[in-house]
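Given next are the chains, with one letter for each unit.
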Amino acid sequence: MRKDKKQVIGDEIGDEQIKLFLDFEPIDATSPSLHKLVKAYRGLRIDDFERFLGFFVEAGYDVDGKDEQGQTFVDQIKDQRNAAEYIELIEKARG
């Protein structure tokens, strides 16, 4: 690859593909909102996750949904390497 070309990993995904992450449902007592956030976090790049959050909030889901231990999405990811970027997006989504 030429040095002046930016490497792109994976194909761009459309809004409909991103919205599919709203369809995931938990199999335990985790809130559906938290479950959807975790699935999107694991499956989407940061830019796509940001787009997902727009659809997520528009659909009425809660960015502060909790699991059985009372932990939110931010609680679960805060110790991870790239967490700051995601936490910033969550804070923006809160309004």
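Summarised in this report is the structure supplied together with it. Sequence order sets the numbering: in each chain, residues are counted from 1 along the sequence as written. Reporting of local features is limited, given that this is a predicted model, to residues whose pLDDT is at least 70; pairs of side-chain atoms are given and counted only at 80 or more, and all residues count toward the totals for whole chains, interfaces and linings. Derived side-chain values reflect all non-hydrogen atoms in the structure, with water molecules and hydrogen atoms excluded from consideration.

Examining the overall build of the chain
Part 1 of the reasoning: If you tally the helices and strands in the chain, you get five helices and zero strands.
Part 2 of the reasoning: Each helix corresponds to a stretch of at least 4 residues labelled H or I by DSSP, and each strand to a stretch of at least 2 residues labelled E; elements are numbered beginning at the N terminus. Listed by position from the N terminus, the elements making up the chain come as α-α-α-α-α.
Part 3 of the reasoning: Across the 95 residues that make up the chain, the buried fraction comes to 35%.
Part 4 of the reasoning: Any two residues having at least one pair of non-hydrogen atoms within 4.5 Å are treated as being in contact. Here the analysis covers contacts within the chain between residues at least 6 apart in sequence; of these, 61% occur between residues at least 24 apart.
Part 5 of the reasoning: Here the accessible surface of atoms and residues is derived via Shrake-Rupley with a 1.4 Å probe, and residues count as covered only by protein chains that are part of the display. Accessible surface computed for the chain: about 6,600 Å², of which carbon and sulfur atoms make up 47%. A 1.4 Å probe rolled over the protein chains alone gives each residue an accessible area, and that area as a share of the maximum for its type sets the label: buried under 20%, exposed over 50%, partly exposed in between.

Thoughts on the packing of aromatic side chains
Part 1 of the reasoning: Centres within 6.5 Å make a pair out of two Phe, Tyr or Trp rings, where for Trp the six-membered ring is used; the pair is then stacked when the planes are under 30 degrees apart, edge-to-face when over 60, and tilted otherwise. Scanning all chains against the criterion turns up nine aromatic pairs.
Part 2 of the reasoning: Centre to centre, the rings of F49 and F52 are 6.0 Å apart; their planes meet at 35°, and the pair counts as tilted. Here F52 and F49 lie together in helix α3 (residues 46–58), a separation of three residues that amounts to about one turn.
Part 3 of the reasoning: Plain terms: the ring middles of F49 and Y86 are 5.1 Å apart, the flat faces sit at 70° to each other, and that makes the pair edge-to-face. Taken as a pair, F49 in helix α3 and Y86 in helix α5 (residues 83–94) lie far apart in primary sequence, 37 residues in all.
Part 4 of the reasoning: A network of ring pairs unites the aromatic residues F21, F24, Y41, F49, F52, F56, Y61, F73 and Y86 as a single cluster.
Part 5 of the reasoning: Note that K19 overlies the ring of F55, its terminal NZ or CZ placed 4.8 Å from the centroid.
Part 6 of the reasoning: Looking at K39, its charged tip hangs above the ring of F24, at a distance of 5.4 Å from the centre. Only lysine NZ and arginine CZ atoms are considered, and such an atom sits over a ring when it is within 6 Å of the ring centre and within 35 degrees of the ring normal.

A word on the pattern of salt bridges
Part 1 of the reasoning: By definition here, a salt bridge exists when the distance from a side-chain nitrogen of Lys or Arg to a carboxyl oxygen of Asp or Glu is within 4 Å. According to the stated counting rule, one finds seven salt bridges in the structure shown.
Part 2 of the reasoning: K19 is the salt-bridge partner of E16, the closest N and O atoms lying 3.7 Å from each other. Here the residue E16 and the residue K19 both occupy positions in helix α1 (residues 15–19), the gap between them amounting to three residues, near one helical turn.
Part 3 of the reasoning: Look at E16 and you get exposed, because its relative accessible area is 56%.
Part 4 of the reasoning: The partner of E50 in a salt bridge is K92, and the shortest N-O contact between them spans 3.3 Å. On the criterion of sequence distance, the pair formed by E50 in helix α3 and K92 in helix α5 is long-range, its members being 42 residues apart.
Part 5 of the reasoning: In this structure, a network of salt bridges that share partners links the residues D15, R45, D48 and R51.

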